[in-house]
Amino acid sequence: MHYTGPVYRHPLEANTPILEITYGCSWNKCVFCNMYKDVKFGASPMDHIEEDLQELAGIYPHNLRKIIVANGDPFALSTKRLLEISSLIRKYFPEISIISCQTSIRNIMHKKQEELNQLAEAKYDDIYIGIESGCDGVLKQLNKGYTSKQEYETLEKLKNSKIRYIALLMGGAGGKKYRDENIEDTAKLLNTYPPMMISIITTGIATGTKLAQMRDDGEFVQLTEREILEDEIALIEALDVPNSTYFYGHHQNNVAKVSGHLKNKDDLVAKFRERLEYFEDNQPEILDISLAREYL
């Protein structure tokens, strides 16, 4: 397999095959991220993609239904190229119904509605989007490269194309400065354009990142573990999304690992409160500090 640099997939995709069609990140400027700092963005040659598909076809069944195309930003590729790759995938796996990937608002927003419709027909679906936040202040602070207005415009096009998405959020990304706005604006965005899943990871500050420098300079003030848990509760309480939407909170960065469908909002909130009470009774010292996290 032609894998270049780090390869990421969501924990729930552990058994889904990964096909590299790009490598690195087309933006690579988010202040919190060092995942692709040593990998220049590029597109995989079609002959490499076909060789990898041949290898995957020797491992996975002919009736495979789902595959992930990687790496950081496949939607940076032209629609024409993505359609060619879809055709190639279906040559080896004709029953594919979902071609998933991780991408960004910044790349999707440049595609016209007609292009997204074509990609939906070509089986691109269940895409993971690093939303992080719906708050302009937070997006600017993280240097995401787009605004909340562009989030709304882009998710409207996705909705029209019937491409489902998973919202990747960063707990505590607003820091002290944008704490309240972050919860309010993010819930508003998700309520307007409900994802099929909300996946939250507590913001980690990796050594050597711009965010680490911002923290050291006092420009970014981290939330305490108590505040992060309170914000997760507040976010869930503010959500008004379909019952089928899944909340995934089992990332290793999270102090309280809580997951479940949002039809059970009260149960999710109760589990978070139980975890908060547990720490108050057994490890109160961690609640009013910010734990070190080197992961995203």
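A brief look at the structure comes next. (Residues numbered from 1 in each chain as written. Predicted model: local features only at pLDDT ≥ 70, side-chain atom pairs only at ≥ 80, totals over all residues. Heavy atoms only, no water.)

The next subject is the overall build of the protein. When helices and strands are tallied, the protein shows 10 helices and 10 strands. Against the globule reference of 19 Å for 296 residues, the protein gives a C-alpha radius of gyration of 19 Å, in line with a compact fold. The 296 residues of the protein split such that 52% are buried. Sequence separation of 24 or more characterises 79% of the internal contacts of the protein that already satisfy a separation of 6 or more. If you sum the accessible surface of the protein, you get close to 13,400 Å²; carbon and sulfur atoms cover 47% of it. For the protein, the separation between the mean place of its 35 positive charges and that of its 44 negative charges on side chains is 5 Å. (Helix = DSSP H or I, 4+ residues; strand = E, 2+ residues; numbered from the N terminus. Rg over C-alpha atoms; globule rule 2.2 N^0.38 Å. Buried < 20%, exposed > 50% of the residue type's maximum accessible area, 1.4 Å probe, protein only. Contact = heavy atoms within 4.5 Å. Areas by Shrake-Rupley, 256 points an atom, 1.4 Å probe, with all protein chains shown as cover. Lys, Arg positive; Asp, Glu negative; His and termini not counted. Charge placed at Lys NZ, Arg CZ, Asp CG, Glu CD.)

One way to put it is that helix H4 (residues 113-121) packs onto helix H6 (residues 148-161) with a least axis distance of 9 Å and a crossing angle of 45°. It follows that H4 is oblique to H6 by the angle criterion. In this structure, the crossing between H4 and H6 has a hand that is right-handed. Between H4 and H6, the contacting residues are Gln113, Leu116, Asn117 and Ala120 on the first element and Glu156, Lys157, Leu158, Asn160 and Ser161 on the second. Grouping the constituent residues of the contact of H4 with H6 by class yields 3 nonpolar, 4 polar and 2 charged. (Axes fitted to C-alpha atoms, helices over the stretch in contact; angles between N-to-C directions. Parallel < 35°, antiparallel > 145°, perpendicular 65-115°, else oblique. Left-handed = near helix turned anticlockwise from the far one by under 90°. Nonpolar A, V, L, I, M, F, W, Y, C, P; charged D, E, K, R; others polar.)

Attention shifts here to the pattern of salt bridges. Using the criterion set out here, one finds 18 salt bridges in the structure. The closest approach of N and O atoms between arginine 179 and glutamate 227, which form a salt bridge, is 3.6 Å. On the criterion of sequence distance, the pair formed by arginine 179 in helix H7 (residues 179-192) and glutamate 227 in helix H9 (residues 225-238) is long-range, its members being 48 residues apart. Across the pair glutamate 237 and arginine 273 runs a salt bridge, and its minimum N-O distance is 3.3 Å. On the criterion of sequence distance, the pair formed by glutamate 237 in helix H9 and arginine 273 in helix H10 (residues 265-282) is long-range, its members being 36 residues apart. A relative accessible area of 39% places arginine 273 in the partly exposed class. Each of the salt bridges in this network shares a partner with another, and the network as a whole consists of Lys176, Arg179, Glu227, Glu230 and Asp231. (Salt bridge = Lys/Arg side-chain N within 4 Å of Asp/Glu carboxyl O.)

Let us now look at the packing of aromatic side chains. According to the stated counting rule, one finds 4 aromatic pairs in the structure shown. Ring geometry for phenylalanine 75 and tyrosine 124: centres 6.0 Å apart, planes at 80°, overall edge-to-face. Residue phenylalanine 75 is located in the loop between strand E4 (66-70) and helix H2 (79-92), and its partner tyrosine 124 is located in the loop between H4 and strand E6 (127-132); the two are separated by 49 residues in the primary sequence. Given a relative accessible area of 1%, phenylalanine 75 falls into the buried group. The aromatic ring of tryptophan 27 is capped on one face by lysine 29, whose charged end is 4.7 Å from the ring centroid. Across from the ring centre of tyrosine 278, 4.9 Å away, lies the NZ or CZ of arginine 275, which sits over that ring. (Phe/Tyr/Trp six-rings, centres within 6.5 Å; stacked < 30°, edge-to-face > 60°. Lys NZ or Arg CZ within 6 Å of the ring centre and 35° of its normal.)

Further remarks concern a nonpolar patch on the surface. On the surface, a cluster of nonpolar side chains totalling about 230 Å² of accessible area is made up of Met1, Tyr3 and Val7. Turning to its location among the elements, tyrosine 3 is positioned in the segment before strand E1 (18-20). (Patch = residues over 30% accessible without salt bridge, like charges linked within 9 Å, V, L, I, M, F, W, Y side chains within 5 Å.)

With that settled, the discussion passes to the sheet that holds E1. Pairing is mixed in the open sheet, where 8 strands are placed in the order E1-E4-E5-E6-E7-E8-E9-E10. The sheet is open, and its two borders are formed by E1 and strand E10 (260-261), each paired with just one other strand. Inspection of the sheet shows E1 paired to E4 by 3 bridges, in the parallel sense. When the sheet's bridge partners are listed, glutamate 20 is paired in E4 with alanine 70. (Pairing = 2+ DSSP bridges.)

Now for H9. In an α-helix, one turn spans 3.6 residues; hence positions three or four apart end up facing the same way. Between its first and last C-alpha, H9 extends 20 Å over 14 residues, near the 20 Å set by a 1.5 Å rise per residue. When H9 is considered as a whole, its buried residues turn out to be Glu225, Glu227, Ile228, Leu229, Asp231, Glu232, Ile233, Leu235 and Ile236. (Expected span 1.5 Å × (residues − 1).)

Turning next to H10. For H10, built from 18 residues, the straight-helix expectation of 26 Å at 1.5 Å per residue is met to within 8% by its first-to-last C-alpha distance of 26 Å. Of the residues making up H10, those classed as buried are Leu268, Val269, Phe272, Leu276 and Phe279. The buried residues of H10 occupy an angular sector of 100° when projected down its axis, which confines them to one face. In H10, the exposed positions that point more than 90 degrees away from the buried face belong to Asp266, Glu274 and Asp281. Close packing links the buried residues of H10 with H9, strand E9 (246-248) and E10. (Arc of directions from axis to C-beta.)

Don't take any of this as a statement about function, it's just geometry.
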